[in-house]
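One-letter residues, chain by chain:
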Amino acid sequence: MAHTHPRRAGAVAAGLGLVLLTGCGGASSAQSGDGDGGSGSGSGSGDLKVGVLFPGSLSDDGFMESAYRGYRRAAEEHKGKVAFSKVEQVQAADYEQALVRFATTSDLVISLGGQTDADVRKVAARFPKVKFAEIGGPADGKPTANLALYDPQQAQAAFLSGAAAALLTKKGTVGFVGGAELPAIVNAAEEFEKGAKAADPKVKVLTPQYVGDFNDAAKAKQSALADYGAGADVLGQVLNLGHKGVAQAAKGRGGTLIGGPVAHECGTDKAYAGYVETDIGAELEYATNQLVKGSWKAESVHFGLTFDEPHNDIVLCGAADPAVTKKLDDLKAKIASGKITTR
């Protein structure tokens, strides 16, 4: 049911292969040992090597953290077989350098986020014998000879977020705040509006706001205040740490927001009317599993509600109206069956 929060397993401690990347414009990381914060060698060693570029913070409470949970699950599952390494908080100017470093030492290189698309394609072309995977790139992107594209179907999550916002609004007006005006985020904004109109054709959807930074809470707060000031009382968002600014604005204006992709226990912050949950880490696990099995392909894979094991959901907080819950469940079923398509 839409109102039930499916608690997924949390991140588990894992032995991680030691690779220290330097000069990447951010916090270099990649520890090994018995836990994620330890150091040493041995437990993360393996015949196969996987390097992962996390442009943002592993504790962003958003896209990167969701992916990192999958990283740790994969490292635990394949301990002794696969050596994992990672780098986080990399500046855009240094994406290429970080990817090249991984490509010289890894069997599989994974990049997170559409902001890495141009660089990962460039580096993949330079290293044709290395496997690459991009998670969360343009929905209409095409794989290359050695580059797989994994789509977490953020569009589905945005559609559900818009539907929930339209069903929960008391003012008949909703809005959307995105971190950057990237193709995938613009698409998410469009799907948010489609979801809202599917749930209530009469709802007013404000023009999307793009902060320019997924982690700038102050700028996100200003964008949210503008929407609340324009009459909205429920906002959708695709932000990382920036969603905390939206929550601050919501509290000041008596509004709410739909959180995600990492869902929290309802009631921990009353500014959140619900959460869209997207397991980004499932794609990282998929890529690693395919590598280990020897069945990895440079393919385009769409996850979400249409995948064998769905990785998108909507969680409402509070005593949800049964009619609202039923409407959301009906929309989810139509997406899963293909009656409603998102892109």
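Here the structure is shown first, and the text comes after it.
Since the structure is predicted, the reported quantities are computational estimates derived from the model, not experimental observations.

K.L.:
Is there a simple way to explain the overall build of the protein chain in this structure?
P.N.:
Secondary structure summary: the protein chain contains nine helices and 13 strands in total. Partitioning the intrachain contacts of the protein chain with sequence separation of at least 6 by distance along the chain shows that 69% fall at a separation of at least 24. Accessible surface, the protein chain: about 13,700 Å² in total, of which carbon and sulfur atoms supply 51%.

K.L.:
Just to check I follow, could you spell out the sheet that holds strand β12 (residues 300-302) for this structure?
P.N.:
On the basis of which strands lie adjacent, the open sheet formed by six strands has the order β2-β1-β3-β4-β5-β12 and parallel pairing. Both edges of this open sheet fall to β2 (82-88) and β12, since each of them pairs with a single strand only. In this sheet, adjacent strand axes meet at a mean angle of 15° when their direction is disregarded. Pairing analysis gives five bridges linking strand β3 (residues 108-112) to strand β4 (residues 131-135), with the strands arranged parallel. Across the sheet, Ile-110 pairs through a bridge with Ala-133, a residue of β4.

K.L.:
Honestly, the side chain of Asp-117 in this entry has me stumped. Any pointers?
P.N.:
Relative to the helices and strands, Asp-117 is located in helix α3 (residues 117-126). Other than its neighbours up to four places away in sequence, Asp-117 contacts Glu-134 and Pro-138.

K.L.:
Just checking my understanding: could you explain the nonpolar core for this structure?
P.N.:
In summary, soluble globular proteins display a tendency toward joint burial of nonpolar side chains. Ranked by size, the top nonpolar core spans 33 residues in total, and within it Val-174, Phe-176, Phe-192, Ile-258, Ile-314 and Leu-328 carry the most contacts. Examining the composition of this core, we find that eight residues originate from one element, helix α4 (residues 154-168), more than from any other. Judged by nonpolar contacts, the second largest core, of 28 residues, contains Phe-63, Ala-133, Leu-284 and Leu-291.

K.L.:
Looking at this structure, how should I read helix α6 (residues 217-229)?
P.N.:
Structurally, the α-helix is built with 3.6 residues per turn, so residues lying three or four positions apart point the same way. The terminal C-alpha atoms of α6 lie 18 Å apart, and with 13 residues this matches the ideal 18 Å at 1.5 Å per residue to within 8%. Residues of α6 that are buried: Ala-220, Ser-223, Ala-224, Asp-227 and Tyr-228. Projection of α6 onto a plane perpendicular to its axis shows the buried side chains occupying an angular sector of 140°, all on one side. Those residues of α6 that are exposed and aimed more than 90 degrees away from the buried face are Ala-218, Gln-222 and Gly-229. Structurally, the start of α6 carries an N-cap: the backbone nitrogen of Ala-218 is 3.1 Å from a side-chain oxygen of Asp-216.

K.L.:
Which parts of the structure should I look at to understand the state of the cysteines?
P.N.:
What makes a disulfide is a covalent bond joining the sulfur atoms belonging to two cysteines. One pass over the full model with this rule turns up one disulfide. Two residues share a disulfide in this structure: Cys-266 and Cys-317, whose sulfurs sit 2.1 Å from each other. Because the sign of the S-S torsion sets the handedness, a value of about -70° for the bond joining Cys-266 and Cys-317 places this disulfide among the left-handed ones. Placement of Cys-266 in the loop between β10 (256-259) and β11 (272-278) and of Cys-317 in the loop between β13 (312-316) and α9 (322-337) is noted, with a sequence separation of 51 residues between them. Using a relative accessible area of 34% as the deciding quantity, one classes Cys-266 as partly exposed. The buried category is assigned to Cys-317, whose relative accessible area is 19%.

K.L.:
Is there a simple way to think about helix α5 (residues 183-199) in this case?
P.N.:
Between its terminal C-alpha atoms α5 stretches 24 Å, which fits the 24 Å expected from 17 residues at 1.5 Å a residue. Residues of α5 that are buried: Ala-184, Ile-185, Asn-187, Ala-188, Ala-189, Glu-191, Phe-192, Gly-195, Ala-196 and Ala-199. Considering only its buried residues, α5 is in contact with α4, β6 (173-178), β7 (204-205), β8 (209-210), β9 (234-238) and α9.

K.L.:
Help me out: how do you make sense of the packing of aromatic side chains in this one?
P.N.:
One pair of aromatic rings is described through two measures. These are the centre distance and the angle between the planes. Applying the stated criterion across every chain yields a total of 11 aromatic pairs. Their ring planes at 85° and their centres at 5.5 Å tell us that Tyr-150 and Tyr-286 sit as a pair that is edge-to-face. Here Tyr-150, found in strand β5 (residues 147-151), pairs with Tyr-286, found in helix α8 (residues 281-293); they are 136 residues apart in sequence, far enough to count as distant. Tyr-150 sits in the buried class, given a relative accessible area of 1%. Judged by relative accessible area, which is 17%, Tyr-286 ranks as buried. Between Phe-303 and Phe-307, the aromatic rings sit 4.5 Å apart at their centres with planes inclined by 35°, giving tilted as the arrangement. Following the ring pairs from residue to residue traces out a cluster consisting of Phe-54, Tyr-68, Tyr-71 and Phe-84.

K.L.:
Explain the environment of Ala-125 here, please?
P.N.:
Relative to the elements of secondary structure, Ala-125 occurs in helix α3. In this structure, the C-alpha to C-alpha distance between Ala-125 and Leu-147, residues 22 residues apart in sequence, is 8.8 Å.

K.L.:
How should the side chain of Ser-57 be read in this particular structure?
P.N.:
You can see Ser-57 is positioned in the loop between β1 (48-54) and α1 (63-77). Owing to a relative accessible area of 9%, Ser-57 belongs among the buried residues under this scheme. Within the local environment of Ser-57, its side chain forms a polar contact with the backbone nitrogen of Ser-59, the two atoms lying 3.1 Å apart. Ignoring sequence-local partners within four residues, the contact set of Ser-57 consists of Met-64, Glu-65, Glu-88 and Gln-89.

K.L.:
Just checking my understanding: could you explain the environment of Lys-122 for this structure?
P.N.:
Of note, Lys-122 is situated in helix α3. When the C-alpha atoms of Lys-122 and Leu-99 are compared, they prove to be 9.7 Å apart, with 23 residues separating the residues in sequence.

K.L.:
Would you mind going over the pattern of salt bridges with me for this structure?
P.N.:
Pairing of side chains with opposite charge becomes possible as their charged atoms draw close. What the rule picks out here adds up to 11 salt bridges. The closest approach of N and O atoms between Lys-332 and Asp-313, which form a salt bridge, is 2.6 Å. On the criterion of sequence distance, the pair formed by Lys-332 in helix α9 and Asp-313 in strand β13 is long-range, its members being 19 residues apart. Residue Lys-332 is classed as buried on the basis of its relative accessible area of 15%. The class for Asp-313 is buried, based on a relative accessible area of 10%. Connected via shared salt-bridge partners are Arg-73, Asp-279 and Glu-285.

Cut-offs used in this document
- Residues numbered from 1 in each chain as written.
- Predicted model: local features only at pLDDT ≥ 70, side-chain atom pairs only at ≥ 80, totals over all residues.
- Heavy atoms only, no water.
- Helix = DSSP H or I, 4+ residues; strand = E, 2+ residues; numbered from the N terminus.
- Contact = heavy atoms within 4.5 Å.
- Areas by Shrake-Rupley, 256 points an atom, 1.4 Å probe, with all protein chains shown as cover.
- Pairing = 2+ DSSP bridges.
- Axes fitted to C-alpha atoms, helices over the stretch in contact; angles between N-to-C directions.
- Core = buried A, V, L, I, M, F, W, Y, C linked by side-chain atoms within 4.5 Å.
- Buried < 20%, exposed > 50% of the residue type's maximum accessible area, 1.4 Å probe, protein only.
- Expected span 1.5 Å × (residues − 1).
- Arc of directions from axis to C-beta.
- Polar contact = N/O pair within 3.5 Å; in protein donor to acceptor, adjacent residues only side chain to side chain.
- Disulfide = S-S within 2.5 Å.
- Phe/Tyr/Trp six-rings, centres within 6.5 Å; stacked < 30°, edge-to-face > 60°.
- Salt bridge = Lys/Arg side-chain N within 4 Å of Asp/Glu carboxyl O.

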